[in-house]
Amino acid sequence: MNVHNAADLEQYTQLMSRQRLTLQKAKARQGQRPRDRRSRQDAYSKFMLSLMLSGRQRDDRHLIHTSLIPPSYHPCIAPLAELRPAAIRDLQLEIHHRGTYLLLRSITPPQRMTAIMALMEDKKDDVVLLQLYQQEDEISLEATKIVNIGTILLVKEPYFKVMGDGEYGLRVDHVSDVVHLKEGNTMIPDEWRPRLIEIETTGTAESLKLRGNAAVGEHRYRDAITEYSNALKQPATANQIEVIKRNRSLAYLKMKQFDAALSDTGFSTFTSTPSDKALFRAAEALYYLGRYSECCEVLEVLHTNFPENKQASEVLARARSRFLEQKTGKYNFKYFQAKAKKLQPPHLDAASYIGPVEVKQTQSKGRGLFVTKAVKAGDLLLCEKAFSHAHVSDRAADNAGSSSEVTMLVNIETNQGFRGGQADLLKSIVQSLYRNPSLAPAFTALYHGPYEAVTTSAIDGEPVVDTFLVERIINFNVFGCPVSSVISHKNVRDGKEMKEKAHHSCGIWTQASYINHSCTSNARRAFIGDMMIVRATRDMESGTEITFWYHSPLGASAKAEQEKFKHWDFVCDCAICQDSRDTKAAVAAEREKVMKNLKRAYENPLGIQMRKANKLLEALNNTYIRPAHEVPRLLLWDPLLVLVRMYAKQSDVVKCLDSASKVLTSLGFIVVGADTSTTSFAVVKWGLMIDQLVETFLHLKAAFVAIDAYDDAARADEYARTAYKTLVGEDTSFNTTYV
Ligand SMILES: C[S@@+](CC[C@H](N)C(=O)[O-])C[C@H]1O[C@@H](n2cnc3c(N)ncnc32)[C@H](O)[C@@H]1O
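Since the model is a prediction, treat every value here as computed from it, not as a measurement. Each residue is numbered by its place in its chain's sequence as written, counting from 1. Per-residue local features of the predicted model are confined to residues with pLDDT of at least 70, and side-chain atom pairs are confined, for both listing and counting, to 80 or more; whole-chain, interface and lining totals are unaffected and use all residues. Values shown for side chains rest on all heavy atoms present in the structure; no hydrogens or waters enter the calculation.

> So, the packing of aromatic side chains: which residues are in play, and what are the values?
For Phe, Tyr and Trp, rings pair up if their centres lie within 6.5 Å, where Trp contributes its six-membered ring, and each pair is then called stacked (planes under 30 degrees apart), edge-to-face (over 60) or tilted (otherwise). Counting across every chain of the model gives 29 aromatic pairs. Taken together, a centroid distance of 4.9 Å and an interplanar angle of 55° make the contact between Tyr550 and Trp568 tilted. Placement of the pair is Tyr550 in the loop between β27 (545-548) and α17 (558-566) and Trp568 in the loop between α17 and α18 (575-582), with a sequence separation of 18 residues. Chaining the aromatic ring pairs together yields one cluster made of Phe479, Trp509, Phe527, Phe548, Tyr550, Phe565, Trp568 and Phe570. Ring-over charges, as used throughout, are those where CZ of Arg or NZ of Lys falls within 6 Å of the ring centre and within 35 degrees of the ring normal. Against the face of Phe370 rests Lys360, its NZ or CZ located 4.8 Å from the ring centre. Here a helix means four or more residues in a row that DSSP labels H or I, a strand means two or more in a row labelled E, and each is numbered from the N terminus.

Below, the structure is given as structure tokens:
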């Protein structure tokens, strides 16, 4: 929804045909055991050379950075005990070696490209290039912490393939298909043990704990977790175990493994006197998991038992604010706007408010979101924090716009490609689900088309994450977003952008994902940072299904509109789409002709030819059959608004009111009193919520003031603010946007 489809890029088409060819060639070799594998020395030299060159400055200006999604396959869901060992030399091309595993040791440092790569050996001294996809980015975790010389790991059900450059390699798409073997693991062969670097495998619980503490001191949190976990395998007193776990919980917090951090604090079985550290860490984990009510409870105990703990009071104040936001939907939007401007990425410290809505089955659109009580236009339905948000800065987006430097996520199987932050989104969601399985259900429940995901969520006590399921869910549920909708709105106001824009930044909002599309929608989404704000655009009765635009119906032909929905695999059946299907070809041609003539009449160098324009507008209006409040007349509002502006400038109040009233009518509104009569001005029924509405209502307000109709002016002002609030998400910035 408002994300960049890559199909319009020439590079994309070329890339896709190259990839498809590679895939075809590779398929033809399925089952072969390649005889031309590089020797160990040759493979090593090649890898090291490539590693060396990758460190040098390259001309990246015309590169497409792609993340290619291969044909989908399931993650391994068999317990390790049931898998048989395999050897590199027995691997067959283009096969997922189900029921087996490879035990590998890295003989090189890692190279980070789209995947993290390293050359691995097995016990028979054969080597293979390993590509680990969907790993954390370098800032979160250096590649050397994932794989480095001497790292021993186990690849479950390996997928051996011909790579893009014709070489052979192991491709791992599911993070859960790799097991890092820690020192002391009995699966590590004896001959590999002495070569393990700097690893002391034994020690007492106390000495290992101290090593863990030292690792924490050096910010080596992953190592610290290993040390503490080893310590917990040694004999220890109950008190020692508690301390080691508490320390490990800090390392888990630093690694953003909030589920594990919480569990290590003993939260689920807290006694009456947990330590201040345990309480604080539990509170921190709960905060990041969005469990604000429990977070407040824990912090209140901490505050009571350890009143001198200043940090606790600060966090308690924050947690209470989040809890209040979650309960009431009351936010400091002014603060949001200021923060979103400053933060990079613009991720706000805020809780989600899920308003009077519920998910229910619809007649023909799968599940949908419905209001549980009557609401008014402008009412807040959702203010949701992104489940995951990929920020692409304006500079990066501008570069991508000129298509000299493009990031793409390309799915060969579905032939879909996207530009922008979607590749980052995939990686970060996979990692987040892997680290915090408690967050998974809200995400995996989202619509994912016909893809059949595995139902196993954990194996051998470790989470199973299906990368292809994540990719499918992103595909159907991603929203493109600006840093703030107020910026997009100002651009429309200033005539810089008339159409809704696609965005490079994007995210997933799990509750908003249940909202289906309709061109005659009754809600709108707005963004501030990573918060999506959904408000009603018209009054709704309890039980009404909420809909918003996946793509705005404005400015595109009906056919082009339907093309856009192909991606989501549905045909829009709203009144606008039905009407356009029912419109005869001759009528459509007549509209096109009138529009062309209208353009000419408007672009006359001596000013608009009013007589001609009025006639043409009348003719255009007459091409529509169904009432405008049922089927908005999408071609009419824009030329009418030009007239409103003109009459406002000329201070022709009567004509200004008349044209503004017609703008509203063409958008599906029913209004009364938008004239010089004594009837009070009121919106009886709201129509399509477009950015230009604010301007329209403000022109009405000015016209009413000019004829001393102050009550009507006040109402027009109120409507302008309601429209603004719906379009931008809040109205605290109204007075600065419209000074
Ligand atoms: C973001 S999901 C919306 C929630 C989804 N209906 C569900 O069951 O979870 C997008 C998918 O919903 C369905 N959908 C959305 N709007 C629709 C519409 N107007 N008509 C038919 N199907 C629609 C399509 O299958 C689309 O791919």
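> If you had to explain the sheet that holds strand β24 (residues 516-517) to someone new, which residues and values would you point to?
Strands are treated as partners if at least two bridges between them are detected by DSSP. One open sheet accounts for 4 strands, arranged β14-β15-β27-β24; its pairing is mixed. Of all the strands in the sheet, the pair left with one neighbour each is β14 (357-361) and β24. Note: β14 against strand β15 (residues 367-371), 5 bridges, orientation antiparallel. Residue pairing for β15: Val359 is matched across the bridge by Leu369.

> Before we move on, can you summarise the site of the ligand with the specific residues and values?
Put simply, a residue is near a molecule or strand once any heavy atom of it comes within 4 Å of that molecule or strand. Among the 15 residues in the neighbourhood of the ligand, the closest are listed as Lys365, Arg367, Asn516, His517 and Trp568. Counting of polar contacts relies on pairs of N or O atoms within 3.5 Å, with two restrictions inside protein: one atom must be capable of donating a hydrogen and the other of accepting it, and residues adjacent in sequence are counted only when both atoms are side-chain atoms. Between the ligand and the protein, one listed contact pairs a nitrogen atom with a backbone N or O atom of Lys365 at 2.7 Å. Between the ligand and Trp568 there is a distance of 2.7 Å, counted from an oxygen atom to a backbone nitrogen or oxygen. Considering the ligand on its own, with 560 Å² of exposed area, one finds that the protein chains cover 92% of that surface. For the shell around the ligand, the secondary structure elements donating two or more residues are α15 (467-477) and β24. A breakdown of the residues in the shell around the ligand according to their chemical character gives 8 nonpolar, 5 polar and 2 charged. To be clear on the numbers: accessible area is Shrake-Rupley with a 1.4 Å probe, and residue cover counts the displayed protein chains and nothing else. Side-chain classes are defined by residue name, with Ala, Val, Leu, Ile, Met, Phe, Trp, Tyr, Cys and Pro counting as nonpolar, Asp, Glu, Lys and Arg as charged, and the others, Gly among them, as polar.

> Explain a nonpolar patch on the surface to me, and be specific about the residues and the numbers.
Nonpolar side chains (Val, Leu, Ile, Met, Phe, Trp, Tyr) within 5 Å and like charges within 9 Å form the patches, drawn only from residues with over 30% relative accessible area and no salt bridge. A side-chain nitrogen of Lys or Arg and a carboxyl oxygen of Asp or Glu constitute a salt bridge if their distance falls within 4 Å. A cluster of nonpolar side chains, namely Leu49, Met52 and Leu53, defines an oily patch on the protein surface of about 280 Å² accessible area. Here Leu53 is to be found in helix α2 (residues 40-54). Taking the relative accessible area as the measure of exposure, Leu53 reaches 41% and is therefore partly exposed. Using a 1.4 Å probe on the protein chains alone, a residue whose accessible area is under 20% of its type maximum counts as buried, one over 50% counts as exposed, and one in between counts as partly exposed.

> Break down the sheet that holds strand β22 (residues 479-480) for me, citing the residues and quoting the values.
Spatially, 3 strands are ordered β17-β23-β22 in an open sheet, and the strand pairing comes out antiparallel. Among the strands making up the open sheet, the edge pair consists of β17 (388-390) and β22. As paired elements, β17 and strand β23 (residues 506-508) share 3 bridges and run antiparallel to each other. Opposite His389, over in β23, you have Gly507 as the bridge partner. When checking whether two residues touch, look at their non-hydrogen atoms; a contact exists if any pair is within 4.5 Å. Interaxial angles span 0 to 180 degrees and are taken between N-to-C directions of axes, which are lines fitted to C-alpha atoms, for helices over the stretch in contact. Here helix α13 (residues 422-435) sits on the sheet in contact with β17 and β23, set at roughly 145° to β17.

> Just give me the short version of unusual backbone geometry, but keep the residues and values in it.
Keep in mind that most residues, glycine aside, have a negative phi and that most peptide bonds are trans. The amide bond that connects Gln344 to the next residue, Pro345, takes the cis arrangement and shows omega of -5°. Mapped onto the fold, Pro345 is located in the loop between α11 (333-342) and β13 (353-354). Notably, Gln134 is not glycine yet its phi reads approximately 60°, a positive angle. Inspection of the secondary structure assignment puts Gln134 in the loop between β8 (127-132) and α3 (143-146). Residue classification places Gln134 among the buried positions, given a relative accessible area of 6%. Of note in this structure, Ser651 is not a glycine but carries a positive phi near 55°. By the secondary structure assignment, Ser651 is in the loop between α21 (637-649) and α22 (653-666). Accessibility expressed as a relative area gives 58% for Ser651, which makes it exposed.

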